Amino acid sequence: MSVRALADAVRRYTDARGGSGTFATAVDGLTLHRADHERRPAYRVFKPALCVVAQGAKTAVIGERQLEYRAGQALVASVEVPGVGRVAEASPGAPYLGVIVELDLAAIREVLESLTSPPGPAGGARDDARDASRDDARAGVVVVNVEKPLADGVLRLVRLLDTPAAIPTLRPLIMRELCYWLLTGPHGGVVARMALATTHAVPVLRAVHVLRDRFAEPVRVEELARVARLSPSAFHRQFRAVTALTPLQYQKQLRLLEARRLMVAEAVGAESAAYQVGYESPSQFSREYARMFGAPPRRDADAVRAVVADES
């Protein structure tokens with residue numbers, strides 16, 4: 001019932017703002033999403049967040065992992081990583097409805113330390129399912145079931161939009177509550193491992209930030225390893241464990257995502273976009289762009305602009 005009530009709340013809010021789209025809200029870190037049709041794959045950078053599906057279904061591809069989450073489930077991400085998201089189930093009569101809550105991993109660790117007993121593994125899961133969850137947790141992403149207490153907390157966060165004066169006082173309390181329910185729910189052990197793994201991965205995350213800030217520059221793995229204070233081989237292994245990508249794949253995806261944004265949002269030509277994101281060869285850029293997005297740069301940018309125009 002809580003997930004149904006959450007879907008009703010999201011639908012009511014989006015109805016009042018024109019229907020389909022992604023809506024930032026007055027609650028810091030809370031975004032609502034609605035789609036009346038299935039969508040083509042969207043390349044993006046996943047950030048630490050709880051992504052709840054209230055109605056419909058989504059898929060996400062991160063590295064070699066493909067995850068599906070439906071109504072009553074959520075994707076929990078603990079690290080910035082490029083990936084592909086797609087609305088996989090939606091129609092005008094039953095639109096996709098989702099809620100994205102940005103997570104404070106420090107708050108999750110703080111709540112974890114306050115628990116009187118450590119979270120356990122996913123309840124009742126088969127061994128192979130637990131192993132898959134552990135693999136996803138190490139890569140900073142996992143799909144969890146949204147139990148009633150967690151759904152109730154997300155619903156209260158959405159309902160704060162009806163009482164803006166209460167947001168500064170109640171938002172921090174609800175966010176802490178969401179951390180509690182994530183850690184004490186059936187997948188609490190996985191969420192805890194993910195939060196702790198992020199702590200242990202701090203050296204790798206320092207390198208991630210360097211790549212994010214300098215993606216258009218040539219950056220050697222040896223330099224990133226020095227930033228992480230690891231040997232090149234250990235750094236390469238740990239980077240892939242945290243992000244599900246090699247450092248080169250991570251940088252390449254950031255470059256291509258920024259090039260696509262430049263062409264779509266700022267009408268920059270393909271060759272100019274290639275140089276701006278660090279490519280020296282336009283032909284190499286075109287090949288890698290088509291491999292990632294499924295079409296040459298100009299044709300893909302035109303198609304994306306047409307989709308945006310239809311949805312606006």
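Procedures and definitions
Residues numbered from 1 in each chain as written. Predicted model: local features only at pLDDT ≥ 70, side-chain atom pairs only at ≥ 80, totals over all residues. Heavy atoms only, no water. Helix = DSSP H or I, 4+ residues; strand = E, 2+ residues; numbered from the N terminus. Buried < 20%, exposed > 50% of the residue type's maximum accessible area, 1.4 Å probe, protein only. Contact = heavy atoms within 4.5 Å. Areas by Shrake-Rupley, 256 points an atom, 1.4 Å probe, with all protein chains shown as cover. Phe/Tyr/Trp six-rings, centres within 6.5 Å; stacked < 30°, edge-to-face > 60°. Lys NZ or Arg CZ within 6 Å of the ring centre and 35° of its normal. Pairing = 2+ DSSP bridges. Axes fitted to C-alpha atoms, helices over the stretch in contact; angles between N-to-C directions. Core = buried A, V, L, I, M, F, W, Y, C linked by side-chain atoms within 4.5 Å. Salt bridge = Lys/Arg side-chain N within 4 Å of Asp/Glu carboxyl O.

Q: Help me get a handle on the overall build of the chain, residues and values and all.
A: On a plain count of helices and strands, the chain comes out with 13 helices and ten strands. Here the chain holds 312 residues, and the buried ones make up 48% of them. Restricting the contact set of the chain to residue pairs at least 6 apart, pairs at least 24 apart contribute 71%. About 14900 Å² of surface is accessible on the chain, with carbon and sulfur atoms providing 52% of the total.

Q: Any chance you could break down the packing of aromatic side chains for me, citing the residues and the numbers?
A: Across all of its chains, the model carries eight aromatic pairs by this definition. Centroid distance Phe-235 to Phe-239: 5.5 Å. Interplanar angle 55 degrees. Geometry classified as tilted. With Phe-235 and Phe-239 both in helix 9 (residues 232-243), this residue pair falls four residues apart, about one helical turn. Judged by its relative accessible area of 0%, Phe-239 falls in the buried class. For Arg-17, the ring lying beneath its charged end belongs to Tyr-13, and the centroid distance is 3.7 Å. The ring of Tyr-279 has Arg-255 sitting right over it, with the charged end atom 5.8 Å from the ring centre.

Q: Describe the sheet that holds strand 4 (residues 49-55), naming the residues involved and giving the relevant values.
A: Through backbone hydrogen bonds, the strands of a sheet pair up, either in parallel or in antiparallel fashion. An order of 1-2-9-4-7-10 is seen for the six strands of this open sheet, with the pairing classed as antiparallel. Either end of the sheet is taken by a strand with one partner, and the two such strands are strand 1 (21-24) and strand 10 (141-145). In this sheet, neighbouring strand axes are inclined to one another by 20 degrees on average, regardless of whether the strands run parallel or antiparallel. Pairing between strand 4 and strand 7 (residues 73-77): five bridges, direction antiparallel. Its bridge partner lying in strand 7, Ala-49 is registered against Ala-77. Taken strand by strand, helix 1 (residues 2-15) contacts strand 1, strand 2 (30-35), strand 4 and strand 9 (96-102), and its axis lies near 90 degrees from that of strand 4.

Q: How would you summarise the nonpolar core if you had to cite specific residues and measurements?
A: Of all hydrophobic cores here, the largest spans 51 residues; its most connected members are Leu-75, Tyr-250 and Phe-285. Every residue in contact with Leu-75, bar those within four places of it in the chain, is listed here: Phe-46, Ala-49, Leu-50, Cys-51, Ala-60, Leu-67, Tyr-69, Val-141, Val-142 and Val-143. Grouped together as the second largest cluster of nonpolar side chains are 49 residues, Ala-9, Leu-50, Leu-115 and Leu-178 included.

Q: Any chance you could break down unusual backbone geometry for me, citing the residues and the numbers?
A: Backbone geometry places Arg-229, a non-glycine residue, at a positive phi of 60 degrees. Its relative accessible area of 70% is what places Arg-229 among the exposed residues. Look at Ala-267: it is not a glycine, yet its phi comes out positive at around 55 degrees. The residue Ala-267 is located in the loop between helix 10 (247-265) and helix 11 (270-276) in this model. Taking the relative accessible area as the measure of exposure, Ala-267 reaches 63% and is therefore exposed.

Q: Can you tell me about the pattern of salt bridges, naming the residues and giving the values?
A: Enumeration over the complete set of coordinates arrives at 18 salt bridges. Between Lys-252 and Glu-288 there is a salt bridge whose closest N-O contact spans 3.6 Å. Linking Lys-252 in helix 10 with Glu-288 in helix 12 (residues 282-293), this pair joins segments that are 36 residues apart in sequence. A relative accessible area of 28% places Lys-252 in the partly exposed class. A relative accessible area of 11% places Glu-288 in the buried class. The salt bridge involving Asp-300 is made with Arg-260; its shortest N-O contact spans 2.9 Å. Taken together, the positions of Asp-300 in helix 13 (residues 297-311) and Arg-260 in helix 10 put the pair 40 residues apart, joining distant regions of the chain. For the pair formed by Asp-300 and Arg-260, the shared burial category is buried. Look at the salt bridges and you will find they share partners, linking Asp-15, Arg-34 and Asp-36 into a network.

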